[in-house]
Amino acid sequence: MEKYDVIVVGAGHAGSEAAAAAANMGVRTLLITMDMTKIAQMSCNPAMGGIAKGQIVREIDALGGYSGIVTDRSSIQFRMLNKSKGPAMWSPRAQCDRLKFSIYWREELENIVKLDFWQDSVVKVLIQGEKAVGVETKMGVTVYGKEVILTTGTFMNGLIHIGSKRAEGGRISEPHSTGLSEQMKELGFRVGRMKTGTPARLDGRTIDFSKFVEQKEDPEGGQFSFMPVKGRRLKRRSCYIVYTNKVVHQVLAQSLDKSPLFNGTIQSVGPRYCPSIEDKIVRFEEKDQHQLFLEPEGEYTYEYYLNGFSSSLPWKTQWDAMREIPGLEKVKIFRPGYAIEYDYFDPTQLSHTLETKIIKDLYFAGQINGTTGYEEAAAQGIMAGINAALKIKNRDPFVLKRDEAYTGVLIDDLILKGVNEPYRMFTSRAEYRMLLRQDNADYRLTEIGYKLGLASEERYKRMVEKYEKRDEILKTIEEYSVAPDQINDLMRIKGTSVLRQKVKLKDVLLRPQITLKDILEYIDTIKDRIEEEETAYREELIRAVEIAIKYGGYINREKLMADKLKRLENIKLRDNIDYTKMKSLSTEARQKLDKIRPGTIAEASRISGVSPADVSVLLIHMGR
């Protein structure tokens, strides 16, 4: 087979974004997958986004990736979560048609000129010296490439558990992959095991929806991508809120001895924030009920996903417990839930480009690094793809800082802190939440994506025009003086004190009770500036203006904090420092620094176990 610049192994969310990024940057790319009908398969819940995850999808989109575009094309419900809180916490989430999501991803990939495909399983990475030079497949095909990206998901030595039944597989009814994990271990990589799970799929024809609380999409709708949605919108579908009860818990508790999670069969660690239903009833024994969400799997299908009810219990126990939930008394299941164990590699063995430290030109992205979630995987994928392409072109590597993107926080956490359970992004993991909002991902990253060759000129121009328009409107609001007779009716309606004299319109908008949409009804000068824009774009513009005014002080304060810490990023640590001989460091700091080998003082300060006193020692050592 011909030689490629970049070879991507695995076509999940990480692999799809990695392959798309590399090929769109102009390097010849091969994507190898075991099944071309399951590209970017939604293995668990049919949704994208959520708390902090929605921010990541928007960042991928702003850079020129495809997750947001495909999500919008396949979306059947869109909601903005946390709207009752400040804008730093707002997080978009979309329910998707599972089958169409995969179909649309394949369609996007097949339209990329420099991207080829090969359906096969990779069993070995070809190594020459300390460099990856290609891969060998199960069919005996050898493919050479300058850069290799492994995005194997849950397939490496995957083991499925349903009660006492065990089966090898990467997903239910799909084979696992072998060979790679064993080879990496021989090369010196630290290999571990992790666990995740998924709930049963239910037959909607046997569900009484009248007993649930319906959860419709936001009235104003919404989308992930900063670009217009291509094609028709799919039919909108509702989700439903469901609750377990004491009887459900009793049925589950009677079979805990048959759960691989509790009888010792599963030794690996599962995600803390997304426990199985049997784990919930044990850890939260005092609770009489747990909230679940019933989510449609597609535009027209009767298949439903019972979010919050993942389980590795015997299938009959799962079914019996579900039938004790009001509305599910007669439910039939298409298949039970299951747990899956799989191999991952300690991510502290990577650099911030996601290239491994042990083998050059080899990258890891996605669940192979101990993360979970489509969004976290896709973010790593696009970053690995970008850096592999940059290396081919002999250009400087691309690393996002913690104050630039949630993607930067994600990768920095993995590289410097490692994982002892499947990593999931939360807003609480980011120090600069006001800077990293979902609404300004285009402002933060589109220009970068454009310079990399990923974001199109159309996307870049759209972003520039949007923020030029925002600044024009901001200037008008800051300069416009509003009289009491213009606005006092609104003040009374909103329950805030009336004006006694003319004030700047900006001062009125700073009041928490007043929104920009309120102002538009009373001040024609501002209304005319905004009404001329297309509807979806108008909503973006209104949010951008209002956030800049109401939260400007908080945003500027975070910028100052970030700038102060950036000074530490400029203090480089030499590669040859022998931390083991620095007795002034704590024992834990010596061990962690020697293992992780941070590149800067700032990176060292973020390593778990490295104290401020240890950072002072390093600064003195560097002559600071």
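The rules behind the values
The residue numbers shown here count from 1 along each chain, following its written sequence. The predicted origin of the model limits local features to residues at a pLDDT of at least 70 and limits the giving and counting of side-chain atom pairs to 80 or more, whereas totals for whole chains, interfaces and linings rest on all residues. As a rule here, side-chain values cover all heavy atoms of the structure and leave hydrogens and water aside. What counts as an axis is a line fitted to C-alpha atoms, over the stretch in contact for a helix, and the angles between N-to-C directions run from 0 to 180 degrees. We count a stretch as a helix when DSSP gives it H or I for four or more residues in a row; a strand needs E for two or more, and each element gets its number in order from the N terminus. Under this scheme an angle from 65 to 115 degrees is roughly perpendicular, one under 35 degrees roughly parallel, and one over 145 degrees roughly antiparallel; angles in between are oblique. In what follows, residue pairs with any heavy atoms lying within 4.5 Å of each other are defined as contacts. When residues are sorted by character, Ala, Val, Leu, Ile, Met, Phe, Trp, Tyr, Cys and Pro go into the nonpolar class, Asp, Glu, Lys and Arg into the charged class, and all the rest, Gly among them, into the polar class. For two strands to be treated as a pair, DSSP must find no fewer than two bridges joining them. Only buried residues count toward a nonpolar core, which is a set of Ala, Val, Leu, Ile, Met, Phe, Trp, Tyr and Cys residues joined through side-chain atoms within 4.5 Å. Burial classes: relative accessible area under 20% of the type maximum marks a residue as buried, over 50% as exposed, and values in between as partly exposed (1.4 Å probe, protein chains only). Any Phe, Tyr or Trp ring, taking Trp's six-membered ring, that has another such ring centre within 6.5 Å forms a pair; planes under 30 degrees apart are called stacked, those over 60 apart edge-to-face, and the others tilted. In our convention, an over-ring charge means Lys NZ or Arg CZ found within 6 Å of a ring centre and within 35 degrees of that ring's normal.

1. Notes on the packing of helix α12 (residues 457-479) against helix α16 (residues 524-531)
Next, step 1: Running from N to C, α12 and α16 cross one another at 175 degrees; their axes reach a closest spacing of 11 Å. Classified by the angle between their axes, α12 and α16 sit roughly antiparallel to one another. Together, Lys-469, Glu-472, Ile-473, Thr-476 and Ile-477 of α12 and Thr-525, Ile-526, Arg-529 and Ile-530 of α16 make up the contact between the two elements.
Next, step 2: Residues that form the contact of α12 with α16 fall into these classes: four nonpolar, two polar and three charged.

2. A look at the sheet that holds strand β19 (residues 338-345)
Paired through their backbone hydrogen bonds, the strands of a sheet run either parallel or antiparallel.
Next, step 1: Taken together, the four strands give an open sheet; going across it, the order is β11-β10-β19-β12, and neighbouring strands pair in antiparallel fashion. At either margin of the open sheet sits one strand with a lone partner, and together these are β11 (165-168) and β12 (191-198). Pairs of neighbouring strands in the sheet enclose a mean axial angle of 25 degrees, with direction left out of account.
Next, step 2: Where β12 lies against β19, eight bridges are found, and the strand directions are antiparallel. Of the residues in β19, the one forming a bridge with Arg-193 is Asp-343.

3. Comments concerning the nonpolar core
Next, step 1: Ranked by internal contacts, the top residues of the largest apolar core, which has 125 residues, are Leu-150, Leu-362, Phe-364, Ile-386 and Leu-593.
Next, step 2: Among the elements that line this core, the one with the most residues is helix α9 (residues 374-392), at twelve residues.
Next, step 3: Sequence-distant contacts of Ile-386, defined by excluding residues within four places in its chain, comprise Ala-21, Met-25, Phe-398, Leu-452 and Leu-454.

4. Regarding the sheet that holds strand β14 (residues 213-215)
Next, step 1: Spatially, β14-β15-β16-β17-β13-β18 is the arrangement adopted by the six strands of the open sheet, whose pairing is antiparallel. The two strands at the open ends of the sheet, each matched to only one other strand, are β14 and β18 (333-335). If you compare each strand with its neighbour and ignore which way they point, the axes differ by 35 degrees on average.
Next, step 2: When strand β13 (residues 201-203) meets strand β17 (residues 303-307), the two strands line up antiparallel, connected through three bridges.

5. Observations regarding the side chain of Thr-476
Next, step 1: Among the secondary structure elements, Thr-476 is positioned in helix α12.
Next, step 2: In this structure Thr-476 touches Thr-525, Ile-526 and Arg-529, once residues within four positions along its chain are discounted.

6. Section: unusual backbone geometry
The bulk of non-glycine residues show a negative phi, and the bulk of peptide bonds are trans.
Next, step 1: Even without being a glycine, Ala-52 presents a positive backbone phi close to 70 degrees.
Next, step 2: Tracing the sequence through the fold places Ala-52 in the loop between β3 (47-49) and α2 (53-63).
Next, step 3: Phi is positive for Asn-82, close to 65 degrees, though the residue is something other than glycine.
Next, step 4: Within the fold, Asn-82 resides in the loop between β4 (75-81) and β5 (91-96).

7. Notes on the packing of aromatic side chains
Next, step 1: Summed over the entire model, instances satisfying the criterion amount to 13 aromatic pairs.
Next, step 2: Ring centres of Phe-209 and Phe-212 lie 6.3 Å apart, and the angle between their planes is 85 degrees; on these two criteria the pair is classed as edge-to-face.
Next, step 3: The partly exposed category is assigned to Phe-209, whose relative accessible area is 22%.
Next, step 4: In this structure Phe-212 comes out as buried when scored by relative accessible area, which is 10%.
Next, step 5: Taken together, the ring pairs connect Phe-209, Phe-212, Tyr-240 and Tyr-304 into an aromatic cluster.
Next, step 6: Between the NZ or CZ atom of Arg-429 and the centre of the ring of Tyr-423, over which it lies, the distance is 4.2 Å.

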